[in-house]
Structure formats: C-alpha cells, structure tokens
Amino acid sequence: MRIPKEFFEGVKVKEIMNTDIVMVTPYHDMKSIQEIMRIKRIDGVPVVNDLGKIIGLVTVENVISALASGDLKSPCEKYMVRNPKYLDPEDNLYTALKLFRQYRFGRFPVVNNEGEVLGILSTKDIVLKLLAIEEKEVKIEKKSELEPLILEYPVLGGDFVSAGIASSTVKKVLQQLGVEPSIIRRVAIITYEAEMNIVIHAYRGVLKVFLTPEIIEIIAEDEGPGISDIELAMQPGYSTAPDNIREMGFGAGMGLPNIKNCSDELRIESIVGKGTKVISKIYLDKK
Amino acid sequence: MKARDIVKLIDGEVLAGEEIIEQVEIKRGFAADLMSDVLALVECENKDVVLITGITNPQIVRTAEMLDIPMIIVARGKLVPEETINLAKEKGIILVRTKNIVFVTSGILFQNGIKGAIVKGSREEGKSC
C-alpha cells in the first residue's frame, strides 16, 4: 500500500509530536538521563540552557556510548548531540519524513522560532499516527470513560531549577479538565510539596497522578535515604533539611503536614536506605 | 487597590508583569519567607493576594503559580536572579522589588486598606484548604 503524499502534507508536525517531554540542563549526568528514558520510555531528551533554549539532544545512542565507557556519571554535555537538527511545529509530515530519510535519525526535537523546545517527533509517533487515522475518534472517547487518566513525571534530586515543573503541568491539566478550583488548590499543594521533598531529600523519583471521576490519587515515589521515623517526620516543624534549603523557603518541617492537611487519605511507606513512597488521595464526590 | 498603586506606594521597581499591572486588583496580602507557610495558609481563588517575601529564588514564583497569586514583592532591595524574573514573565506574575524591608512594606499596604490573606478556617480544620 502506498499512502498518498497529500495525506502527509495535511498533517502538521505539531499535531502528532509528543509534547510530554522532559528537558535537562547540560549539567545533568548521563545516569539520570538514562533513568528518565527508562521511566518515560523515550529515546531522546533535549538539553536546554538557563533561558530554556535548545543547545543539544541526548539520544539513546549517546547513553550507550557513555555506558560503554563506564562513564555514566559525566554531565550530558560531554555526550549530547550539539546543535541538533530540528523540525518546526508548522512543518508538515512530508517534510519531516524527508528529514528522517535524509539523516536516518530516530527522532527530531520540535523547536519554535525562539529556540524553545515544544516536543519531540519520533518514528514511533508517526507510526502511531498512521494507525490512529481511522480508529481515532471511537477509541479516545471510550478511553476517557473506562481508564483513569495517568500523569507521570520524573523528578531529579537536587535539581532546584526544574523543581515545580511537574506540579505546574499537573495543575494546568486539571484546569483544562475543568476540575473544581478548591480541589486543584489541594492537588497543587500536595504535588508541589511532594516534588520539593524529592528534590531536597532524594536522588531521584517519580510524581504520578491518577484521575478518575471519583478520586484523585497522587503518588510520589523516590529512591533516597528514606524516613526512619515517619511519625516524627509528620510533626509540624520537624525537619532534616540542610540550611541552604531553608534559605530557599523550604525545609522548615511543614511539607508533610501540609500534604496531610490537603489529603483525604494519606499513606507513607519508607525503607531507610532505599526510598519513600507518599500516597495521597482526594475524593471528588465528597460533599 | 490596583497593582500599579501598590508599586507607587512602596516605591517599587517592576521586574516582570508590567503589561498586566493596570488590571490586577489586590485586596489582601501575606508576608513570609517560608513557602510552605504560604502554601498552607493562603487561599487566593479570586486572584487578589500579594505575596511579600525576602526570598528571591524561582520557588517564590512557583509557589505563587500553585496558588494563583498574581503579584510578588521582594523586599529589602535584594538582587533578584534572572531565572526568577524570567519565570515570573513566563507565568504572567507581577514581580516587584522594593528597598523597604518586609515589615515596612507590609505596614504601608496595611495602612492603605490591604487585609491579611488567610485561608477560611484554620490549619487545624485542614480539609477546608
């Protein structure tokens, strides 16, 4: 079967690119990027400077090179593809496919005129698009009824620059879905405090939000030192955070109590030396 | 009170959000360096709260974003990092710097009719947050 060129020309890159992307700075180590790729099941991570403009792309091939040299601790600046080829969001799929054929890359970042990364287009996204042509409408409608909406974001320990991005994205999604403002406020506080906890205390973690019409469940799971006495950690004012964290306006022992106050149900599981899992539930039908 | 009038009262320097300064109407204020306290206590459903702080890192903007706080005042004339200013611009939040200390800034606003912003009920009632 041959798909007519007109079909590809009618599809814009911005319509099918994957916008659920993670960006890193040149200082991120290859190990954490490997983790991001594993958790998010992606094979390319854009590298941006302090102004959020693209300067490179770490691909799965770069991770393999670092792995082969036993050098995963190095900053990604050392291995990333510099000034990568990219697509414009307004490009059509035909232009994109020509680029894929020319360079034989597996994915291209999608970058606007200001140099900001809007998404990534991989061959996988294109294949899925082809499959979705006919089934699209039926499928999506069914899905929203049956399955919970799951949002998932990796959070890096010590990454104070990106801290808050995951919570910000969650908030935006809930607003788009028309969730009640008082509920959004509670979710925002829980996710933000949980995200800050991972950034302050852990090595790396994931923030997950499950949404159904009845309940919002927020799970923040990290690999880190763990909490030895959870009851003590729940006490307002108790903190193990170092002074430099306090200078940032956090680490005064109010994180977990804040999370508790905004949750209808809260469970904390922790193993010292391994990590912590915070599970918070908010019921939506409760009046 | 219009955000613009607040800037005048405290002799402030607008670092971000100049374009919305005529529209934003402030009724209440909250002063803190501890962002967890802001998160715990401020309710800003009507987008009418100003946050006064001595902290300058981007987390003040993130905190404001989480709670829909439209305006932040950094007191004591501290140098505000570029990344904080850029984030405020991106999020459409007014960021102002004043040479006044937190106490004086709060006093000026209070004298001019800005009330304390606090969540209905208290922390102990928790679930109302």
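Since we're looking at a predicted model, the values are computed, not measured. (Residues numbered from 1 in each chain as written. Chains lettered and ligands numbered in written order. Predicted model: local features only at pLDDT ≥ 70, side-chain atom pairs only at ≥ 80, totals over all residues. Heavy atoms only, no water.)

Engineer: Describe the environment of N258(A), listing the residues and the values that go with them.
Structural biologist: Residue and element names in this part refer to chain A. Among the structural elements, N258 can be located in helix α11 (residues 255–262). You can call N258 buried: its relative accessible area is 1%. N258 sits 189 residues away from S69 along the chain, and the two C-alpha atoms are 45 Å apart. For N258, the side chain forms a polar contact with the side chain of E193, separated by 2.8 Å. (Helix = DSSP H or I, 4+ residues; strand = E, 2+ residues; numbered from the N terminus. Buried < 20%, exposed > 50% of the residue type's maximum accessible area, 1.4 Å probe, protein only. Polar contact = N/O pair within 3.5 Å; in protein donor to acceptor, adjacent residues only side chain to side chain.)

Engineer: Requested: an account of the interface of chain A and chain B, with residues and values cited.
Structural biologist: Between chain A and chain B, the contact holds 33 residues from the first and 26 residues from the second. Taken together, the two surfaces of chain A and chain B that pack against each other cover about 2400 Å², and 52% of this comes from carbon and sulfur. On the chain A side of the interface with chain B, the three residues burying the most area are R185(A), Y192(A) and N261(A), jointly 25% of the side's total. Our count for the contact surface shared by chain A and chain B stands at one salt bridge. One salt bridge in this structure joins K171(A) and D68(B), with 2.7 Å as the shortest N-O distance. (Contact = heavy atoms within 4.5 Å. Buried area = accessible area lost by both parts, 1.4 Å probe. Salt bridge = Lys/Arg side-chain N within 4 Å of Asp/Glu carboxyl O.)

Engineer: Tell me what's going on with the domain arrangement of chain A, and back it up with residues and numbers.
Structural biologist: Residues and elements named next belong to chain A. Each assigned domain of chain A is listed with its residue range as follows: domain 1 (5–134) and domain 2 (148–283). Spacing between the C-alpha centres of domain 1 and domain 2 amounts to 28 Å. Taking both partners together, domain 1 and domain 2 bury about 730 Å²; carbon and sulfur atoms supply 67% of that area. Considering only the surface of domain 1 that becomes buried against domain 2, H28, I39 and K40 emerge as the three largest contributors, covering 47% of it. Along the contact surface separating domain 1 from domain 2 lie zero salt bridges. For the side of domain 1 that touches domain 2, a count of residues per class yields three nonpolar, two polar and four charged. (Domains from an automatic or database assignment. Nonpolar A, V, L, I, M, F, W, Y, C, P; charged D, E, K, R; others polar.)

Engineer: Would you mind going over the packing of aromatic side chains in detail, with residue names and values included?
Structural biologist: One pass over the full model with this rule turns up five aromatic pairs over all chains. Considering the side-chain rings of F105(A) and F108(A), the 5.7 Å spacing of their centres and the 50° angle between planes classify their relative orientation as tilted. In this structure F105(A) comes out as partly exposed when scored by relative accessible area, which is 39%. Here the guanidinium or amino end of K115(B) rests over the ring plane of F110(B), the centre of that ring lying 5.7 Å away. (Phe/Tyr/Trp six-rings, centres within 6.5 Å; stacked < 30°, edge-to-face > 60°. Lys NZ or Arg CZ within 6 Å of the ring centre and 35° of its normal.)

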